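# Topology and contacts: notes
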Amino acid sequence: MSSSISKPLALHLIQGGAYIVFALVLFTFAVFAPHFLSLTNIANIFAQTSILGILAFGLTVVVIAGGGNVIHGGIDLSVAATLGFTSAIYSTLINHGAGDAIAVVSAVGVGALAGSLNGLTIVLFRLPPLLATLAVMNLLAGLELVLTQNTVLPASSPLIDLLSGSDRFGIPLLGYLLLLIAAVLLLLIQYTPFGLRLYAIGEHREAARAIGLPSSRYVFLSYVISGVCGGLSGICASVFFSGSSTGSQEFLLPVIAIALLGVVFSRRFVPTIGGTLLSGLFIGALINGFQLLNISNFWVNGVQGALILAIVAASTFLRSREV
Amino acid sequence: MNALAEAIRPEVVQGPALWQREAEPAGEALVSFRQVGRQFQAGGRSVQALQEVSFDIRRGEIFGIIGRSGAGKSTLLRTINRLESPGSGQVLVAGKDLSGLNEAQLAQARRGIGMIFQHFNLLSSRTVAQNIGLPLKIAGLPQAEIDARVDSLLQLVGLEGKRDVYPSRLSGGQKQRVGIARALVHQPELLLCDEATSALDPETTQSILALLRDINRQLKVTVVLITHEMAVIREVCDRVAVLEAGKVVELGPVWQVFGAPQADATRALLASLNHELPADVAGRIVQEPASAQSELLLDVRLDGVSGQDPALGPLVAALGPATRLLHGGVERIQGRAQGRLVLACAPQSRNRLGDLARQLAIPAGNIRILGYVDHA
């Protein structure tokens, strides 16, 4: 009985503590980082966050369907590699004279294929997601190197020109794209039977099967959605960097941090699209603030690693209080 | 139809509700295991989880499956709704073998089989009402129908005031009540209970078992429960199967299995419920009378076969007025008096034991001479 009473208290303490830390961090940047609160900089945060945020949405869907246990549950380590490979495909096709429509469909299609490969290895061959997605990550990273010869592929197209622009208030269109994809996924995951099924399967797979849910199908689809998000963020990366760039693997740590941190921004400490959007903007602001203060990127990685550790520890603690 | 069944049958439900089923004849099988076997690969070697299991679960009964950890209870239970597939043999539910069904048909079949779990398996991000209505929401039923059915089930499990509460605010017993309500939401004719009371304290266990008994009697739902606790079986089950190393070693009405256990595994499981001799009595037993004050010590086992309550008159008549009750107890299992009496009486009563067995309507083998004790 005591454990069931202490769980809400623990949840409030963890969330309350997290909000205080976030507020302090943002306050510190507002005071010490020049132009942190300027409209231009906030717009820049939105643009930077679009790549990480869309990737993190995909990872969030996987975590919802696979469950919060990072070892046995849902995880997709191939998201950043999918971004790199689809960005390379998009840029290559543009450079070979293909139109934006073909390049976009190809990038998103390849992302979906990468997700399908993840899904199949997990569902069909019963590989642990950690292992399966690690293998696919290396496969995609290798294919990207073959395609780009480890060089930057500059690209220019009407879509790149359009999305790299801003509205009359100076807010970049990439920011709107982030919000649009967030809205679509929010509706799909939080307000449809499909989303409810994902949650049911992720929290208690056996109970979901017992009420007649084909869990394998939904786990597979969650990886396909993650792959599609990888493709979309690959296009965003091509827009942001005016082509494909090397080093997409550097996105992996912040994306995992965003997806896991998203639970703190949800009322009941579960992964949600809204929570991921907020945590994406926070991590985006964190990276941006560190850049403005000329603090080494290594510190950013350290903070993100610490956040991942804290969230996983908190989730494990709360799970132990569940029964 | 009774008031409880009426109360939980919402007006919006179309067609004949399962709650209205008339009680079928006791002999009709709802679940049939036919030579069921199941192997697992563990650490490079093959483990036989189930071996040629064959028995029927009758419609309308509460059937218990008991065994120690690793005996194969969970595997056997899960073959009923195909969460596990048997490696060999057949499992028939209402005469149908679910193994031939495609995914959509299997999903449909599973809706007729409710299941509750040891750790409740509720969605932490959904309220009590949302958790109960989850299977209906997933099945795409209209919200009005979901609400009506959820409200009636909340009433059934005694959680009317907890509709909008989240699971983290509930006690273990309340969580299990939500789990039971959710399992009943599709109006199943079969309810599977996977160690449903193992995570609960004894008092809460009693209330959950009482609820399961009510559901079984009022709604005519067949209940299959697995447990490692004989007390749970004694409390609620009609019949029981004892599993040991994947085999059914004993099967029968609960009173019979408790009253005259045949298998070593059953006796081992019953050991915790037996009235063991107190140490101070056991320490005084000798094999020969030590003095004129020595008394004969008898162990009388009441197995419930006769169905009669043990009368004290014949007992005193057979053993003499100086007979003393040193230890033991009698309890009723399925309306039959069962238990054990440890009696101290005059040594000459040794010649009257056949008479005593006749008077108590028990086999002579149920009376055992433990030895002698000095009258303290």
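What you are looking at is a predicted structure, and each value in this text was computed from that prediction instead of being measured.

Before going further, it helps to examine the packing of aromatic side chains. Taken as a whole and assessed by the stated rule, the structure comprises six aromatic pairs over all chains. Ring geometry for Phe 194 of chain A against Tyr 218 of chain A: centres 5.7 Å apart, planes inclined by 45 degrees, an arrangement best described as tilted. With Phe 194 of chain A in helix 8 (residues 193-203) and Tyr 218 of chain A in helix 10 (residues 215-240), the pair connects residues that are 24 residues apart, well separated along the chain. Using a relative accessible area of 6% as the deciding quantity, one classes Tyr 218 of chain A as buried. Relative to Phe 63 of chain B, the ring of Phe 55 of chain B has its centre 5.2 Å away and its plane inclined at 15 degrees; by these criteria the two rings are stacked. For the residue pair Phe 55 of chain B and Phe 63 of chain B, the accessibility class agrees, reading buried in each case. Three or more aromatic residues joined by ring pairs make a cluster, and in this case those are Phe 29, Phe 36 and Phe 290 of chain A. Directly above the aromatic system of Trp 255 of chain B lies the positively charged group of Arg 336 of chain B, at a separation of 3.8 Å from the ring centroid.

What follows is about the domain arrangement of chain B. All names here are of chain B. Looking at chain B, the domain boundaries give domain 1 (3-270) and domain 2 (279-374). Distance between the C-alpha centres of domain 1 and domain 2: 41 Å. Each side of the interface is counted separately: domain 1 has 10 residues, and domain 2 has nine residues. In total, about 740 Å² of surface goes out of reach between domain 1 and domain 2, with carbon and sulfur atoms giving 54% of it. Its largest share of buried area at the contact with domain 2, domain 1 owes to Arg 234, Trp 255 and Gly 259, together 77% of the area lost on that side. Across the contact surface, domain 1 and domain 2 share zero salt bridges.

Turning next to the pattern of salt bridges. Residues and elements named next belong to chain B. With the rule as written, the count across this model stands at nine salt bridges over all chains. Taking the shortest distance from any N to any O, the salt bridge between Glu 84 and Arg 38 comes out at 3.0 Å. Of the two residues, Glu 84 sits in the loop between helix 2 (73-80) and strand 4 (88-93) while Arg 38 sits in strand 1 (residues 29-42), which places them 46 residues apart along the sequence. When its relative accessible area of 17% is taken as the criterion, Glu 84 is described as buried.

So, on to the interface of chain B and chain A. With 31 residues of chain B at the contact, the number on the chain A side is 26 residues. Carbon and sulfur atoms make up 57% of the area that chain B and chain A hide from each other, which totals about 2,700 Å². Inspection of the chain B/chain A interface yields one salt bridge. Between Glu 206 of chain A and Arg 78 of chain B there is a salt bridge, with its nearest N and O atoms 2.5 Å apart. Our enumeration of links across chain B and chain A arrives at six residue pairs in polar contact (both at pLDDT 80 or more). Within the residue set of the side of chain B that touches chain A, elements represented by two or more residues are helix 3 (103-110), strand 6 (113-116), helix 4 (128-139) and helix 6 (172-184) of chain B. Here the side of chain B that touches chain A gets four residues from one element, more than from any other, and that element is helix 4 of chain B. The residue makeup of the side of chain B that touches chain A, split by class, is 14 nonpolar, seven polar and 10 charged.

This next bit is on unusual backbone geometry. Note: most residues except glycine have negative phi, and most peptide bonds are trans. Residues and elements named next belong to chain A. With phi around 50 degrees, Ser 242 is a residue other than glycine that occupies positive phi space. Examined against the element boundaries, Ser 242 turns out to sit in the loop between helix 10 and strand 2 (243-244). Given a relative accessible area of 39%, Ser 242 falls into the partly exposed group. For Asn 294, which is not a glycine, the phi torsion comes out positive at approximately 55 degrees. Along the polypeptide, Asn 294 turns up in the loop between helix 12 (273-292) and helix 13 (297-320).

What follows is about the nonpolar core. Grouped together as the largest cluster of nonpolar side chains are 94 residues, with contacts concentrated most on Phe 57, Ile 189, Leu 198, Leu 261, Val 264 and Ile 283 of chain A. Val 264 of chain A has contacts with Gln 15, Ala 18, Tyr 19, Phe 22, Phe 269 and Ile 311 of chain A, leaving out every residue within four places of it along the chain.

This part is about the sheet that holds strand 12 (residues 324-333) of chain B. All names here are of chain B. Sheet architecture is open: four strands sit in the order 12-13-11-14, paired in antiparallel fashion. Sheet topology places strand 12 and strand 14 (367-374) at the edges, where each strand pairs with a single neighbour. Across the sheet, the mean angle from the axis of one strand to that of its neighbour is 15 degrees, orientation sign disregarded. Pairing geometry for strand 11 (residues 294-302) and strand 13 (residues 336-345), over seven bridges, is antiparallel. Bridge assignment links Leu 296 to a residue of strand 13, and that residue is Cys 345.

Here the focus is a nonpolar patch on the surface. Residues and elements named next belong to chain A. Together, Leu 120, Leu 124, Phe 125, Leu 127 and Leu 131 make up an exposed nonpolar region whose accessible area comes to about 500 Å². Structurally, Leu 124 is set in the loop between helix 4 (100-123) and helix 5 (129-148). Residue classification places Leu 124 among the exposed positions, given a relative accessible area of 56%.

What follows deals with the pairing of strand 8 (residues 222-227) of chain B. Residue and element names in this part refer to chain B. A large share of strand 8 lies buried, amounting to six of its six residues. Neither face of strand 8 is exposed, since Thr 222, Val 224 and Ile 226 on one face and Val 223, Leu 225 and Thr 227 on the opposite face are all buried. Across five bridges, strand 3 (residues 62-67) lies against strand 8 in parallel orientation. Looking at the pairing, Gly 64 lines up with Leu 225 of strand 8. Bridging between strand 7 (residues 190-194) and strand 8 involves five bridges; their strand directions are parallel. Its bridge partner lying in strand 8, Leu 191 is registered against Val 223. In this view, the connection linking strand 7 to its parallel neighbour strand 8 by way of helix 7 (residues 202-219) has right-handed handedness.

Reading the values: rules and limits
- Residues numbered from 1 in each chain as written.
- Chains lettered and ligands numbered in written order.
- Predicted model: local features only at pLDDT ≥ 70, side-chain atom pairs only at ≥ 80, totals over all residues.
- Heavy atoms only, no water.
- Phe/Tyr/Trp six-rings, centres within 6.5 Å; stacked < 30°, edge-to-face > 60°.
- Helix = DSSP H or I, 4+ residues; strand = E, 2+ residues; numbered from the N terminus.
- Buried < 20%, exposed > 50% of the residue type's maximum accessible area, 1.4 Å probe, protein only.
- Lys NZ or Arg CZ within 6 Å of the ring centre and 35° of its normal.
- Domains from an automatic or database assignment.
- Contact = heavy atoms within 4.5 Å.
- Buried area = accessible area lost by both parts, 1.4 Å probe.
- Salt bridge = Lys/Arg side-chain N within 4 Å of Asp/Glu carboxyl O.
- Polar contact = N/O pair within 3.5 Å; in protein donor to acceptor, adjacent residues only side chain to side chain.
- Nonpolar A, V, L, I, M, F, W, Y, C, P; charged D, E, K, R; others polar.
- Core = buried A, V, L, I, M, F, W, Y, C linked by side-chain atoms within 4.5 Å.
- Pairing = 2+ DSSP bridges.
- Axes fitted to C-alpha atoms, helices over the stretch in contact; angles between N-to-C directions.
- Patch = residues over 30% accessible without salt bridge, like charges linked within 9 Å, V, L, I, M, F, W, Y side chains within 5 Å.
- Areas by Shrake-Rupley, 256 points an atom, 1.4 Å probe, with all protein chains shown as cover.
- Right-handed = clockwise from strand over helix to strand, strands pointing away.

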